[in-house]
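Given next are the chains, with one letter for each unit.
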Amino acid sequence: MLKIIFKKLIFIPVASFFVSSFAFIVVNLTPGDPVEVIAGGIATEETKQAIRVELGLDKSVPERYVDYLGDLLDGNLGSSFYNKIPVIDSINKYLFDTFELIIMSLVIALILGFIIGGIGAYFRGKLPDKFSNILLSIIQSVPDFFLGLLLIYFLFYKFELVPAPIGRIGLSDIPPKEISGGLLIDSLLAGNWETFKIGLKHAILPSVTLGIFYSSYFGRTARNVLGKSLNSEQVEFAKSLGLSKFRIFLYALVDARTPILTYVAILFAGLFGACAIIETVFAWNGIGQWAITKILMLDIPAIQGFILFAGLITLFTYTFLDILITYLDPRIRKKTL
Amino acid sequence: MRSFITKINKENIPVILSILVLFNFSFGAFLYNFTHDPYTTDIIQRLSPPGSGFIFGTDEVGFDIFSRTIVAGKIDLFISLSGTFAALVVGLPLGLMASDKTKNADRIMKVLDMFQAFPLLVLAIVIVAMWGNNIRNVIFAIILINVPRFTRLIRSEALTVRESRFIEVATAMGASKTRIISKHLLPNILGTLLAQASITTAHSIVVVAALSFIGIGVVPPEASWGSMIRAGSQYMMTGQWWMSVFPGLAIFISVLSFNTISQYILRRYEQI
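Just so it is clear, the model here is predicted, and its values are computed rather than measured.

A. Focus on the overall build of chain B. Scanning chain B from N- to C-terminus turns up ten helices and zero strands. Secondary structure elements of chain B occur, N-terminal to C-terminal, as α-α-α-α-α-α-α-α-α-α. Taken along the three principal axes of its C-alpha coordinates, chain B extends 75 × 55 × 30 Å. Restricting the contact set of chain B to residue pairs at least 6 apart, pairs at least 24 apart contribute 69%.

Below is the structure:
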């Protein structure tokens, strides 16, 4: 086992190098001149030149690349071109807000997906299976931001069940002292139940939106894997032993752990970027919303920093997933050894 | 024509409906005789709810939602389809090359896997924002997102087919590599490929809409579903739902149609 872990970990530095190079390439090898866009149409040649020096764009690409890698080794991601805040500080500030949203969404998605997919697998081939399939197709076809707007209309405007979608707490509420940067975690740490409750209410809309949207992934996987294992010989055997239906269903669930875990990890890593639009719709003020604002402003150091961050999160999540799966699933463990 | 009608049965009604929906959005701009021009505003009638004057109502500047929802399909579907097609054209040779069992092929796949794990939507936003706000760059972003998907799919399909007996026989009979690929390999992976292309187009529609939803890519006065939803998004909180809901429904049924077609293709090829 240790040998496997070591083998996976040794891959990280190499991959990190590729990820950081990729972040550099995306931002620096653009066909147009970003200075043109940043400065606007009426800027003089001097202003443009000043911006170029400021961003280090007066140097050649290889020179910039070496500078960039050197800075990275010092843990320096550069500073925002507009407000000079170090990129790493911004990422730290918004990271946990998004983290909270992702965790809540994934929990909702898992529960919902398992209910829909589980019903389909249990009644496979019958009417409920058909309904669960149609429901999953419908969920898959609605864009998440549109779903969010629909939920705003129904839950906020029509039935007034949730507070207005304008941020993490109401305008008059006082946020807790920042410790991790995540509002819910911080208010829990401070023992501030009032704020925690308010924050949770504001979290309903965005996390339910993402939860419904991503439940289709878990629903399909659950339906396929559970359906297959409920048809398998082991289950036939368990039935003939007279085990209860519920117990058999639980055994079938064990079979689904590897694909479900894989999906959780893929979505967890991907959501740091994928929830950007939902964060914008609900003014969540997380890392995705920060990234979109920065991208639209063409804040080059911030964009580069975000791509690097997203790549590293992906890399670490996948490595962790690999190790976890090999640990949990003896079939894979034997193969890798 | 008669044989066509007799072919309609319970199985393929959803597919025929899907094709009609997509045809309606692709060519609707030329087919309909709009009572309100999609590109002129009627500022006095702004924010009118769906009803007798305007079937789907009007938006905040007085654009007619119905004609714009139809016209937007032309540009949104064009971008999604052409982006997907180009990605397929690029991904096909790459996937076939990667289906050779060499160490390098494995390495390429590992890099592509990493790339796919990236938040691709954000990458698309970066590309369009930095390279310039035009349709060409949106298409390019869609190609870039989807080439790895096609490469991976074609590779895995080709690997399975290449293992099979009839390829072995063809090789033994002295068939050239091009002949094996064009006569034996391609026909066998065509079904999966078309099904994937259909799903990819559906996915691309959402990406294009997401881009114009945050205000880049296809921007007003040009009509696009994403920008129409964006224009109506603030009004959802105050109850004027029609601005966002109709273009949103248009995206929904287009995506659903492509997904239905994909499932149909898969089923057809499994039967054979």
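Read on, since the account is not over.
B. Focus on the overall build of chain A. Secondary structure summary: chain A contains 17 helices and zero strands in total. Each principal axis of the C-alpha atoms in chain A carries an extent, and together these give about 85 × 55 × 40 Å. Counting only residues that meet the buried cut, chain A has 37% of its 337 residues in that class. The contacts in chain A between residues at least 6 apart in sequence include a share of 72% that link residues at least 24 apart.

C. Structural view of helix 10 (residues 193-230) of chain A. A rise of 1.5 Å per residue sets the reference length of helix 10 of chain A, with its 38 residues, at 56 Å; its end C-alpha atoms lie only 44 Å apart and thus fall more than 12% short of the reference. In helix 10 of chain A, a bend of some 40 degrees at Ile204(A) exceeds every other bend along the element, and Pro206(A), a proline, comes one to four places later.

D. Representation of the interface of chain B and chain A in the model. With 30 residues of chain B at the contact, the number on the chain A side is 38 residues. Of all elements in the fold, only helix 4 (103-117), helix 5 (120-131), helix 8 (177-213), helix 9 (225-233) and helix 10 (242-271) of chain B reach the threshold of two or more residues within the side of chain B that touches chain A. Taken together, the residues of the side of chain B that touches chain A break down into 24 nonpolar, six polar and no charged.

E. Here's a closer look at the packing of helix 8 of chain B against helix 9 of chain B. All names here are of chain B. As a packed pair, helix 8 and helix 9 sit with axes 7 Å apart at the nearest point and diverge in direction by 40 degrees. It follows from the interaxial angle that helix 8 and helix 9 lie oblique. Seen along the crossing, helix 8 lies across helix 9 with a hand that is right-handed. Counted together, Val208, Ala209, Ala210, Leu211, Ser212 and Phe213 of helix 8 and Trp225, Gly226, Ser227, Ile229 and Arg230 of helix 9 form the full contact between these two elements.

F. Structural detail: helix 7 (residues 127-141) of chain A. Taking 1.5 Å per residue as the helical rise, helix 7 of chain A with its 15 residues ought to reach 21 Å, and the 22 Å between its terminal C-alpha atoms agrees with that figure. Among the residues of helix 7 of chain A, Ser132(A), Leu136(A), Ile139(A) and Ser141(A) are the ones counted as buried.

G. Spatial organisation of the nonpolar core. By size, the foremost hydrophobic cluster in this structure holds 145 residues, and its most contacted members are Ala124(B), Ile125(B), Ala210(B) and Leu211(B). Per-element accounting of this core gives the leading share, 15 residues, to helix 8 of chain B. Apart from residues no more than four positions distant in its own chain, Ile125(B) is found in contact with Ile292(A), Ile295(A), Leu211(B), Ile214(B) and Ile216(B).

H. Fine view of the environment of Arg220(A). Residue and element names in this part refer to chain A. Turning to its location among the elements, arginine 220 is positioned in helix 10. What makes arginine 220 buried here is the crowd of 21 C-beta atoms within 10 Å. Spatially, the C-alpha atoms of arginine 220 and asparagine 133 are 8.2 Å apart, while their sequence positions differ by 87 residues. Once residues within four sequence positions are removed from consideration, arginine 220 is found in contact with Gly117 and Leu136.

I. Quick peek at the packing of helix 6 (residues 87-122) of chain A against helix 16 (residues 300-328) of chain A. Residues and elements named next belong to chain A. Contact pair helix 6 / helix 16: the axes reach a minimum separation of 10 Å and the direction vectors enclose 55 degrees. Taken together, helix 6 and helix 16 sit at an angle that is classed as oblique. As helix 6 packs across helix 16, the resulting crossing turns out to be right-handed. Counted together, Val87, Ser90 and Ile91 of helix 6 and Pro301, Ala302, Gly305 and Phe309 of helix 16 form the full contact between these two elements. Counted by class, the contact of helix 6 with helix 16 contains five nonpolar, two polar and no charged residues.

J. Just the confidence of the model for chain B, in detail. Residues and elements named next belong to chain B. For chain B, per-residue confidence averages 84 on the pLDDT scale, and 95% of positions sit at 70 or higher. Here helix 1 (residues 2-7) stands out as the least confident element of chain B, with mean pLDDT 57; helix 9 is the most confident, with 91. In the predicted assembly, ipTM is 0.87 and pTM is 0.88.

K. Molecular detail of unusual backbone geometry. All names here are of chain A. A positive phi angle, near 50 degrees, is found at alanine 283, a position not held by glycine. The residue alanine 283 is located in the loop between helix 14 (276-281) and helix 15 (287-297) in this model. Of note, leucine 298 is a non-glycine position whose phi angle comes to about 55 degrees, a positive value. Note that leucine 298 resides in the loop between helix 15 and helix 16.

L. Highlighting the environment of Met228(B). Residue and element names in this part refer to chain B. Along the chain, the position of methionine 228 falls in helix 9. Take methionine 228: there are 27 C-beta atoms within 10 Å of it, and that puts it in the buried class. Between the alpha carbons of methionine 228 and valine 245 there is a distance of 9.3 Å; along the sequence they are 17 residues apart. Look past the residues within four positions of methionine 228 in its chain and what remains in contact with it is Arg68, Ala72, Ala223, Met243 and Pro247.

Procedures and definitions
- Residues numbered from 1 in each chain as written.
- Chains lettered and ligands numbered in written order.
- Predicted model: local features only at pLDDT ≥ 70, side-chain atom pairs only at ≥ 80, totals over all residues.
- Helix = DSSP H or I, 4+ residues; strand = E, 2+ residues; numbered from the N terminus.
- Contact = placed C-beta atoms within 7 Å.
- Buried ≥ 20, exposed ≤ 12 C-beta atoms within 10 Å, placed from the backbone.
- Expected span 1.5 Å × (residues − 1).
- Bend = angle between axes of the 7 residues up to and from the residue.
- Nonpolar A, V, L, I, M, F, W, Y, C, P; charged D, E, K, R; others polar.
- Axes fitted to C-alpha atoms, helices over the stretch in contact; angles between N-to-C directions.
- Parallel < 35°, antiparallel > 145°, perpendicular 65-115°, else oblique.
- Left-handed = near helix turned anticlockwise from the far one by under 90°.
- Core = buried A, V, L, I, M, F, W, Y, C linked by C-beta atoms within 7 Å.
- pLDDT = per-residue confidence, 0-100.

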